[in-house]
Amino acid sequence: MKVICDGDPGHDDMLAFLLAAKHLELIGITTVMGNQSLEKVTKNALKIVEFAGLTSIPVAKGMPRPLVNEPLYAPEIHGETGLDGHALPEPTTPLADMHAVDFIISRVMENDDVTLVPTGPLTNIAAALIKEPRIAEKISCISLMGGSLTYGNSTPAAEFNIYVDPEAAAVVFRSGIPIKTFGLNVTRQAEATEAEVERIRRIGTPVATIVADLLDFYRTSLMRVFGLKGASLHDPCAVAVLIDPSIFVMQPMHVEIELKGEFTRGMTVCDYRHRRLTSDNLQGKDAVIRGKKPNAEVAVAIDKERFFDLLIDTLASYR
Ligand code: RIB
Ligand code: CA
């Protein structure tokens, strides 16, 4: 399975990359503004491929701002660098010689089995779909971290990746491409408490030690800001399902992105009513009451123990 990871590293994006590189054919990493500025998250992506020994994987730099919104970063969670917690050397690996949007378009058009794994705002994916609509017919699947069946984090209703660029998310969810989506209702359960971080640290390798240091910073941030007990490992969920689908329970639903709500802009409005429809394009009251056909598989449960076994076994396979 050829995969492109598109993210805003970002402590949990890092884990998505490390999982994908060991279990899937990771043909590229593309970066997008989100947790920090495009410059910072791109530097972090290069730091990650360097410390993990993955410099053969091309890194392409993407969109510096959302389609409509002003950028919104998350230094309170990921720190000033976007990957605080362990000082990593300035990267020397060169970037791919094309924009992330062109990288995504070229790799999808050249292959028939590319899966996209966006773990940041969906700006790069939307821009690629707008620039080259034909990729919608060729992308096998989009497995993304974003949204929520329940509560938000950036606002009471909206999760960060969607909230930063709701218009981009609407382009993706209306694309007709098969989508697997992992929201806070599940990803908050993938929580690395002190016990899980110590399991990682006990691996004792250079990579595991760096990851444990970074997760300790990330865990402390989430405990301070949200009163959580540990680090929510949101992004690796979107990769883990591609490695072992049985770790999750997925439910088909129609998902719309709220673009107008005063209190709900950026909310993933998930139709959990299990309605099965004969028509794709119901309009008006019919569409509200009877619901529309599912356009995504939405994660509703996770086997936390098997998720962490996969993650920790994978980390132990690095140097
Ligand atoms: O809301 C959590 C998401 O926002 C994660 O992908 C995290 O890395 C940030 O991008
Ligand atoms: Ca992310």
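Everything below is about the structure printed above this text.
Residues numbered from 1 in each chain as written. Chains lettered and ligands numbered in written order. Predicted model: local features only at pLDDT ≥ 70, side-chain atom pairs only at ≥ 80, totals over all residues. Heavy atoms only, no water.

Focus: the overall build of the protein
If you tally the helices and strands in the protein, you get 14 helices and 11 strands. Compactness check: the protein gives a C-alpha radius of gyration of 18 Å against a globular reference of 20 Å for 319 residues, within 12% of the reference. Taken along its principal axes, the extent of the C-alpha atoms in the protein is 60 × 40 × 35 Å. Evaluated residue by residue, the protein yields a buried proportion of 60% over its 319 residues. Intrachain contacts of the protein at a sequence separation of at least 6 include 79% that bridge at least 24 residues. When the accessible surface of the protein is summed, it comes to about 12,600 Å², and 54% of that surface belongs to carbon and sulfur atoms. (Helix = DSSP H or I, 4+ residues; strand = E, 2+ residues; numbered from the N terminus. Rg over C-alpha atoms; globule rule 2.2 N^0.38 Å. Buried < 20%, exposed > 50% of the residue type's maximum accessible area, 1.4 Å probe, protein only. Contact = heavy atoms within 4.5 Å. Areas by Shrake-Rupley, 256 points an atom, 1.4 Å probe, with all protein chains shown as cover.)

A word on unusual backbone geometry
In the segment running from Pro 9 into Gly 10, the intervening peptide bond is cis, with an omega of -25 degrees. Mapped onto the secondary structure, Gly 10 falls in the loop between β1 (2–7) and α1 (11–23).

Topic: the sheet that holds strand β2 (residues 25–31)
Hydrogen bonds along the backbone pair up the strands of a sheet, which may run parallel or antiparallel. Spatially, 9 strands are ordered β3-β2-β1-β4-β5-β6-β11-β9-β10 in an open sheet, and the strand pairing comes out mixed. Edge positions in the open sheet fall to β3 (59–61) and β10 (268–271), since each of these has one partner strand only. With strand direction ignored, the average angle separating the axes of adjacent strands in the sheet is 30 degrees. Pairing geometry for β1 and β2, over 6 bridges, is parallel. Bridged to Lys 2 within β2 is Glu 25. Packed on one face of the sheet, helix α4 (residues 100–110) meets β1, β2, β3 and β4 (114–118) and runs near 155 degrees to β2. Against the sheet, helix α8 (residues 166–173) makes contact with β5 (141–145), β6 (179–182), β9 (248–257) and β11 (296–302), and its axis sits at roughly 115 degrees relative to β9, the strand it touches most. (Pairing = 2+ DSSP bridges. Axes fitted to C-alpha atoms, helices over the stretch in contact; angles between N-to-C directions.)

Some details on the nonpolar core
Among the nonpolar cores identified, the biggest contains 67 residues, and Leu 18, Phe 51, Val 211, Leu 233, Phe 248 and Phe 307 are the most heavily contacted of them. Take this core: its biggest share by element is 9 residues, from helix α11 (residues 206–226). In this structure, Met 63, Phe 103, Ala 169 and Ile 257 belong to the second largest nonpolar core, which totals 37 residues. (Core = buried A, V, L, I, M, F, W, Y, C linked by side-chain atoms within 4.5 Å.)

A short note on the site of ligand 1
All residues adjacent to ligand 1 are Asp 8, Asp 12, Asp 13, Asn 35, Thr 119, Met 145, Asn 153, Glu 159, Phe 160, Asn 161, His 234 and Asp 235. In this structure, Glu 159 approaches ligand 1 through a side-chain N or O atom, which is 2.5 Å from an oxygen atom. Between ligand 1 and Asn 161, the relevant distance is 2.8 Å, taken from an oxygen atom to a side-chain nitrogen or oxygen of the residue. About the coverage of ligand 1: the protein hides 96% of its 280 Å² of free accessible area. (Near = heavy atom within 4 Å. Polar contact = N/O pair within 3.5 Å; in protein donor to acceptor, adjacent residues only side chain to side chain.)

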